[in-house]
Amino acid sequence: MTMKEHPHAEVLRAIADGVPLSEFEAKCIIEDEGFNRPLQGWNFDNAVRAPNEWQVRRKPQYIMVNSFKVPKPLDAFESEEYFTPNCEEIDFYCCYRHRGDVEDGLWLARGIVHATKEAAIAHAKAMLGIDPEYFK
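Residues numbered from 1 in each chain as written. Predicted model: local features only at pLDDT ≥ 70, side-chain atom pairs only at ≥ 80, totals over all residues. Heavy atoms only, no water.

Below, the discussion takes up the pairing of strand β4 (residues 62-65). Judged from the four bridges that link them, β4 and strand β5 (residues 68-71) form a sheet pairing that is antiparallel. Each residue of the ladder has a partner; that of Tyr-62, found in β5, is Pro-71. In this antiparallel pair of consecutive strands, β4 and β5, the connection spans two residues, and Asn-66 shows a positive phi of 50°. (Pairing = 2+ DSSP bridges. Helix = DSSP H or I, 4+ residues; strand = E, 2+ residues; numbered from the N terminus.)

Here it is, written out as structure tokens:
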């Protein structure tokens, strides 16, 4: 009989590897109030003991672009599809399929690869000096 991995195993591994608890946040699925609780104290204890009642994630990270806060680009590809900011496109982004080619590596090295189109749009707007929060 094989044991099923704990739902928060990836988070617990990151904590064991030295990522501080302050980098994570939790939400109680039963209350459905969003990710508004720090992962420490009783929240951590509950998330470990009742993993089906809690979701845990790493807090979103940000960078500054032209004095605007935007989601931090990816350090590595997370899935086949990714998004880049594009100031020439009407929608402010382009969508690509990760193929491991030179272009993929170039976008990653330039720090413009995002997991979501919303993050790429915010990045493009900030590059143009437009507040990403304006006209969402």
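More follows now that the structure is in view.
Quick look at unusual backbone geometry now. The residue Ser-67 is not glycine, and still its phi comes out positive at about 70°. Mapped onto the secondary structure, Ser-67 falls in the loop between β4 and β5. Residue classification places Ser-67 among the exposed positions, given a relative accessible area of 66%. In this structure, Phe-92 takes a positive phi of about 70° despite not being glycine. Structurally, Phe-92 is set in the loop between β6 (81-85) and β7 (93-97). (Buried < 20%, exposed > 50% of the residue type's maximum accessible area, 1.4 Å probe, protein only.)

This part covers the packing of aromatic side chains. Here the structure, examined in full by the defined rule, presents four aromatic pairs. Taken together through their ring pairs, the aromatic side chains of Phe-77, Tyr-82, Tyr-96 and Trp-107 make up a single cluster. If you follow Lys-69 out to its NZ or CZ, it ends over the ring of Tyr-62, 4.5 Å from the centre. (Phe/Tyr/Trp six-rings, centres within 6.5 Å; stacked < 30°, edge-to-face > 60°. Lys NZ or Arg CZ within 6 Å of the ring centre and 35° of its normal.)

This brings us to the environment of Val-65. Following the sequence through the fold, Val-65 ends up in strand β4. For Val-65, a relative accessible area of 12% translates into the label buried. Taking C-alpha positions, Val-65 is 25 Å from Arg-97, a pair spaced 32 residues apart along the chain. Among residues more than four places away in sequence, those in contact with Val-65 are Val-70, His-123, Ala-126 and Met-127. (Contact = heavy atoms within 4.5 Å.)

Keep in mind these numbers describe shape, not what the thing actually does.
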